[in-house]
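# Structural overview
Residues per chain are reported as follows:
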Amino acid sequence: MSFEPKIVAFLCNWCSYAGADLAGVSRYKCAPNVMSIRLMCSGGLEPSFVLKAFKEGADGVLVCGCNLGDCHYTDGNYKTLMRMTLLKKLTEQLGIEEPRVRLQWVCASCAEDFTNAVNRITEDVRALGPYKKEKVEVESGKNT
Amino acid sequence: MSILKGKPDDDIKIGVYVCHCGHNIASTVDVEEVARRAKELGEVSVARDYVYMCSSKGQNLIRQDIMQLGINRVVVAACSPRLYEQTFQNVLRESGLNPYLLQVANIREQCAWLHEPGPLATEKANRLVKGAIKRVIHHSPIEEQSVPVFPATLVIGGGIAGIQAALEIANSQQIVYLVEREPSIGGHMAQFDKTFPTLDCSACILTPKMNEVARNPYIRLMTYSEVVEVSGYVGNFNVKVRRKARYIDEDKCVGCGICVEKCPWSTESEFDADLGVRKAVYTPFPQAIPNIPVIDKERCVYFLKGKCRACEKFCEAKAINFQQEDLFIELHVGAIIVATGYDVFDPTPISQYGYGRLPNVFTSLEFERLCSPSGPTGGQLKLADGREPKSLAVIHCVGSRDQNYNAYCSRVCCMHSLKYSHLFKEKTGGEVYQIYIDMRCTGKGYEEFYERVQGEHVRFIRGKLATITADSPDSETGEKLSLSCEDTLLGGLVNIPVDMAVLCVALEPRHDAEQVAQILRLGRSRDGFFMERHPKLDPVATMSEGIFIVGCCQGPKDIPDTVAQASAAAARALAMIVRGKMETGAITAAIDETLCSACKVCNALCPYGAIFFDEVSNVSRVNRILCKGCNVCGAACPSGAISTRNFSESQILAEIEGVLV
Ligand SMILES: Cc1cc2nc3c(=O)[nH]c(=O)nc-3n(C[C@H](O)[C@H](O)[C@H](O)COP(=O)(O)OP(=O)(O)OC[C@H]3O[C@@H](n4cnc5c(N)ncnc54)[C@H](O)[C@@H]3O)c2cc1C
Ligand code: FES
């Protein structure tokens, strides 16, 4: 059987989740590999969420928030931006290849930005193959 | 707090309800299979599928299971929670279950509609449902709360927006505080001569409303005043207002104007867009409300040099008081309406248009004053040398629809440009050129007004103005300005000689918008105007509960739209007052005090100032009424002490596990 990646997406309630809903309403099609989890704001994404996803067998993680300047909590997504920069350093150190973690702004009317992001991360992760958490757990064990 | 993080109680009984949504879901996802798979999970007591879960029959299935089987956690797999979550929450509520013991799995918008029919779509639906099941185990009841609303409203800004909002509320016999920064209310509308599209005289329609404000016993008017501090929250705001010293005792002044008459010192009049003069003691315009002058400390020679006091000598009412000081007043209000309006764009930076350099180039606001009978020229159009102009060019979109300045359209300029054509023709009978990019005349009666002006022999040139220079090629006619402009309809460059040019400048956010936004904790959109809660469905509320924005502080608009918005906000404020209480959001952060390490990281991060530090207990605490549940604090807390109700770490981690394993 071909490899079907499992990807978790964290979407803020106001723009990104609405944008993803709109993609469905507009009947755009995208890869069925991404499971959305709704947060109130992308700025509320705890780093543990991303690590947990990889621990439970995700092959990739997509984080979506409002366009910069449009966060419904004024500037939550600037915090997301900073946090994701740090987090990506950490995940890379843990041996999680860069394309497996992705940040994408999706506005409430940007349905295609969402489906494009879904398709892109699915293709990238498919090309990388399954994420082998055993290997990383051993390596990260060495690191700590 | 431990209910949020603690382990779930023992006898959890989950009911799972999978919706076909007619064919909408069922044609892509094998809904029966989804229900079957759900039932295989140990925690699930009952799993059903039904053709329309949101129908009353579907809702009854859930209701019956709660009542008869003792279901105490509900998962609905259907359309987006953004659509029917509240409906299903009500089903729980009516069945005696806390509404937050529900989780919705979105298998329509974000599954069935996004994917091709087949096993992969069903597999994804299974995962989403399993995520919801694992998550709902960690749900706990959330107590909904309401706060009392203090029956008084603050309106900031006394332009037409603030006046309208204040009158609507006061006419319902509720107290309004109207705070205006200038010595008089009226705003920009008071500066205009006529108003499009009907050409009513602005003062004639505005002055009666201003007088009503002065007379209405429910309105406490504070002019020459500013809001300096706002604390509290919806229903209970504490507001600090600075009443600037007028140096005139408002209780004694009878408004006779003798002080103004006798004052020997003059300066440029802001009200006349600096084209006219006013005294150092002045009322900005004859119809000012209140009709009480102010002494401009920056210009008054007594304040500057210690000598004069002419006004004091002549004031029979003994109202002049040079010892007056700024007063700080505390107000208690339940709702706040912000109506601070706009500033006009200063075209000096577009140096090729010659504004500030060429004497016969004016801005639109200046032109309004030149046309006004109460303006610096008594309503006569005059050139710098005193002659009456024989030709006029009206330039659209100066500082609007221009990537270098403001990308947006200022919405009113096409219409007031047409108004100027008409006024110029009426006053001088001369030539008028309209240099426009697109004509946007979209309001009621606006297209008709456009047609009317087209019939008045006005020349319309479609294109963007390149330059205005002083050297006229046609010196015999005595014209002084030469406009060089692209005519995109004829194709080519045209030169137009005119006597006078008016730059229709953009409406911009107030220069102090950021300061006001900070005091009131308002967001601003990319264009700098205050941000509404929702651009379509809630254009008057803001993300700060109980604070509304009306008129041009929210974005450029004409007077009819401004008035409509002001009335809408007044209705919202009145609704709060009439009910006497407000429900506040249930999704809020909670701090586990036993884990809080007093680092205060969260205090500064909160965009609503909802977290404060309790020095006595040495822990941070959340004001649940201010909190909006974004969890920015929770994500940053190094001790893991903060958790947001219904979006807690344990809930999300369980959901992640559910969708993956
Ligand atoms: C040149 C020109 C011509 C126009 N002609 C027309 C027309 O013919 N017909 C039409 O329908 N529309 C016209 N408009 C649009 C019209 O001006 C606006 O729709 C209207 O004035 C908006 O009213 P407002 O109360 O929102 O703002 P404003 O009129 O700007 O009033 C805001 C008020 O708030 C006060 N304020 C500001 N900041 C504070 C603060 N921090 N604290 C306390 N008070 C504060 C100000 O002093 C002011 O009194 C024109 C606009 C321009 C630029
Ligand atoms: S609400 Fe979308 S990023 Fe903050």
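Residues numbered from 1 in each chain as written. Chains lettered and ligands numbered in written order. Predicted model: local features only at pLDDT ≥ 70, side-chain atom pairs only at ≥ 80, totals over all residues. Heavy atoms only, no water.

## Quick look at the overall build of chain B
Across its full length, chain B holds 19 helices and 34 strands. C-alpha atoms of chain B, sized along the principal axes, occupy 95 × 65 × 45 Å. Buried residues in chain B amount to 57% of all 661 residues. Accessible surface computed for chain B: about 27900 Å², of which carbon and sulfur atoms make up 50%. Computed over 71 positive and 78 negative side-chain charges, the separation of the two mean positions in chain B equals 3 Å. (Helix = DSSP H or I, 4+ residues; strand = E, 2+ residues; numbered from the N terminus. Buried < 20%, exposed > 50% of the residue type's maximum accessible area, 1.4 Å probe, protein only. Areas by Shrake-Rupley, 256 points an atom, 1.4 Å probe, with all protein chains shown as cover. Lys, Arg positive; Asp, Glu negative; His and termini not counted. Charge placed at Lys NZ, Arg CZ, Asp CG, Glu CD.)

## Brief notes about the sheet that holds strand E17 (residues 327-333) of chain B
All names here are of chain B. Taken in spatial order, the three strands make up an open sheet running E11-E12-E17, and their pairing is antiparallel. One side of each edge strand has no neighbouring strand; the edge strands of this open sheet are strand E11 (225-233) and E17. When strand polarity is set aside, the average angle formed by the axes of neighbouring strands in this sheet is 20°. (Pairing = 2+ DSSP bridges. Axes fitted to C-alpha atoms, helices over the stretch in contact; angles between N-to-C directions.)

## Considering the site of ligand 1
Residue and element names in this part refer to chain B. The full set close to ligand 1 counts 39 residues, and Glu180, His188, Tyr342, Lys419 and Lys557 are the nearest of them. The contact in question runs from an oxygen atom of ligand 1 to an N or O atom on the backbone of Ala161, over 3.0 Å. Between an oxygen atom of ligand 1 and a side-chain N or O atom of His188, the distance comes to 2.7 Å. Within the complex, 98% of the 1000 Å² of free accessible area of ligand 1 lies under protein. Of all elements in the fold, only helix H7 (160-170), strand E8 (194-195), strand E19 (342-344), helix H12 (364-371), helix H13 (413-428) and helix H16 (559-579) reach the threshold of two or more residues within the shell around ligand 1. (Near = heavy atom within 4 Å. Polar contact = N/O pair within 3.5 Å; in protein donor to acceptor, adjacent residues only side chain to side chain.)

## A few points about the interface of chain B and chain A
Taken together, the contacts link 43 residues of chain B with 53 residues of chain A. Surface buried jointly by chain B and chain A totals about 4100 Å² across both partners, of which 61% is contributed by carbon and sulfur atoms. Inspection of the region where chain B meets chain A yields three salt bridges. Close ionic contact of Lys52 of chain A with Glu657 of chain B constitutes a salt bridge, the shortest N to O distance being 3.3 Å. For the pair chain B and chain A, the interface holds 20 residue pairs in polar contact (both at pLDDT 80 or more). Sorting the residues of the side of chain B that touches chain A by element identifies helix H4 (81-94), helix H5 (108-112), helix H6 (119-136), helix H18 (632-636) and helix H19 (649-660) of chain B as the ones contributing at least two each. If one sorts the elements of the side of chain B that touches chain A by residue count, H19 of chain B sits on top with eight residues. Classifying every residue of the side of chain B that touches chain A gives 22 nonpolar, eight polar and 13 charged. (Contact = heavy atoms within 4.5 Å. Buried area = accessible area lost by both parts, 1.4 Å probe. Salt bridge = Lys/Arg side-chain N within 4 Å of Asp/Glu carboxyl O. Nonpolar A, V, L, I, M, F, W, Y, C, P; charged D, E, K, R; others polar.)

## Some remarks on the sheet that holds strand E1 (residues 7-12) of chain A
All names here are of chain A. The four strands are arranged E2-E1-E3-E4 in an open sheet whose pairing can be described as parallel. Lying at the two open borders of the sheet, with one neighbouring strand each, are strand E2 (34-39) and strand E4 (101-105). Taking each pair of neighbouring strands and ignoring which way they run, the sheet shows an average axis angle of 20°. Pairing analysis gives six bridges linking E1 to E2, with the strands arranged parallel.

## Observations concerning the domain arrangement of chain B
Residues and elements named next belong to chain B. Entries for chain B in the domain assignment read domain 1 (14-142), domain 2 (146-244 + 326-341 + 510-583), domain 3 (245-324), domain 4 (352-500) and domain 5 (589-645). Across the interface of domain 2 and domain 5, roughly 600 Å² is buried in total on both sides, 63% from carbon and sulfur atoms. Of all residues in domain 2, the largest losses of buried area upon contact with domain 5 belong to Tyr233, Arg521 and Met543, amounting jointly to 70% of the total for that side. On the surface where domain 2 and domain 5 come into contact, there are zero salt bridges. In this assembly, domain 2 and domain 5 are joined by two residue pairs in polar contact (both at pLDDT 80 or more). (Domains from an automatic or database assignment.)

## A short note on helix H15 (residues 513-520) of chain B
All names here are of chain B. All of the buried residues along H15 are Ala513, Val516, Ala517 and Leu520. Buried residues of H15, seen end-on, are gathered within an arc of 105° and therefore sit on one face of the element. Among the exposed residues of H15, those oriented more than 90 degrees off its buried face are Gln515 and Gln518. Residues of H15 that are buried sit in contact with strand E6 (152-156), E11, strand E18 (335-338), strand E28 (507-509) and strand E29 (547-549). One or two residues past the end of H15 sits Arg521, with phi positive at roughly 60°. (Arc of directions from axis to C-beta.)

## A word on the pairing of strand E3 (residues 60-65) of chain A
All names here are of chain A. Burial of E3 is extensive: six of the six residues sit out of reach of the surface. Sheet topology places E1 next to E3; five bridges connect them, and they run parallel. Note that in E3 the partner of Phe10 across the bridge is Val63. Across five bridges, E3 lies against E4 in parallel orientation. Paired with Gly65 across the two strands is Trp105, which belongs to E4. Regarding topology, helix H3 (residues 76-93) serves as the crossover connection from E3 to the parallel E4, and that connection is right-handed. (Right-handed = clockwise from strand over helix to strand, strands pointing away.)

## Comments concerning the state of the cysteines
Two cysteines form a disulfide when their sulfur atoms are joined by a covalent bond. Enumeration over the complete set of coordinates arrives at two disulfides over all chains. There is a disulfide in this structure between Cys107 of chain A and Cys110 of chain A, and the S-S distance comes to 2.0 Å. Measuring the twist about the S-S bond at about 90°, one finds the Cys107 of chain A-Cys110 of chain A disulfide to be right-handed. For Cys110 of chain A, a relative accessible area of 17% corresponds to the buried category. Between Cys201 of chain B and Cys204 of chain B runs a disulfide, and the two sulfur atoms are separated by 2.2 Å. Its torsion about the S-S bond being 90°, the disulfide of Cys201 of chain B and Cys204 of chain B is classed as right-handed. With relative accessibility at 24%, the residue Cys201 of chain B sits in the partly exposed group. Unpaired in this structure, Cys79 of chain B has its nearest cysteine sulfur neighbour in Cys21 of chain B, at a distance of 6.4 Å. (Disulfide = S-S within 2.5 Å.)

## Quick look at the pairing of strand E2 (residues 44-50) of chain B
Residues and elements named next belong to chain B. The pairing of strand E1 (residues 14-19) with E2 spans six bridges and is classified as parallel. Looking across to E2, one finds that Gly15 is bridged to Val46. Assessed by its sense of winding, the connection that carries the chain from E1 through helix H2 (residues 31-40) to E2 is right-handed.

## A few points about the packing of H2 of chain B against H6 of chain B
Packed helices, taken two at a time, are described by the angle between their axes plus the distance between the axes. All names here are of chain B. Contact geometry for H2 and H6: axes closest at 10 Å, N-to-C directions at 40°. Accordingly, the angle class assigned to the pair H2 and H6 is oblique. Along this stretch, H2 crosses H6, giving a crossing that reads as right-handed. Every residue of H6 that contacts H2 at Glu33, Val34, Arg37 and Ala38 is listed here: Thr122, Glu123, Ala125, Asn126, Val129 and Ile133. The class makeup of the residues in the contact of H2 with H6 is five nonpolar, two polar and three charged. (Parallel < 35°, antiparallel > 145°, perpendicular 65-115°, else oblique. Left-handed = near helix turned anticlockwise from the far one by under 90°.)

## A few points about the environment of Met67 of chain B
All names here are of chain B. Along the polypeptide, Met67 turns up in helix H3 (residues 56-69). Assessed through its relative accessible area of 54%, Met67 is described here as exposed. For the pair formed by Met67 and Gly96, sequence separation is 29 residues and the distance between their alpha carbons is 8.4 Å.

## Looking at the nonpolar core
Phe10 of chain A together with Val16 and Val74 of chain B are the most contacted members of the largest nonpolar core, which has 94 residues in total. Among the elements that line this core, the one with the most residues is H6 of chain B, at seven residues. For this core, the domains that each give at least three residues are domain 1 (14-142) and domain 5 (589-645) of chain B. Setting aside its immediate chain neighbours within four residues, Val74 of chain B contacts Gly15, Tyr17, Ile62, Ile66, Leu92, Leu97, Leu101, Leu102, Gln103 and Val136 of chain B. Core analysis: the next-biggest nonpolar cluster, separate from the first, contains 75 residues, Val458, Val540, Leu574 and Ile625 of chain B among them. (Core = buried A, V, L, I, M, F, W, Y, C linked by side-chain atoms within 4.5 Å.)

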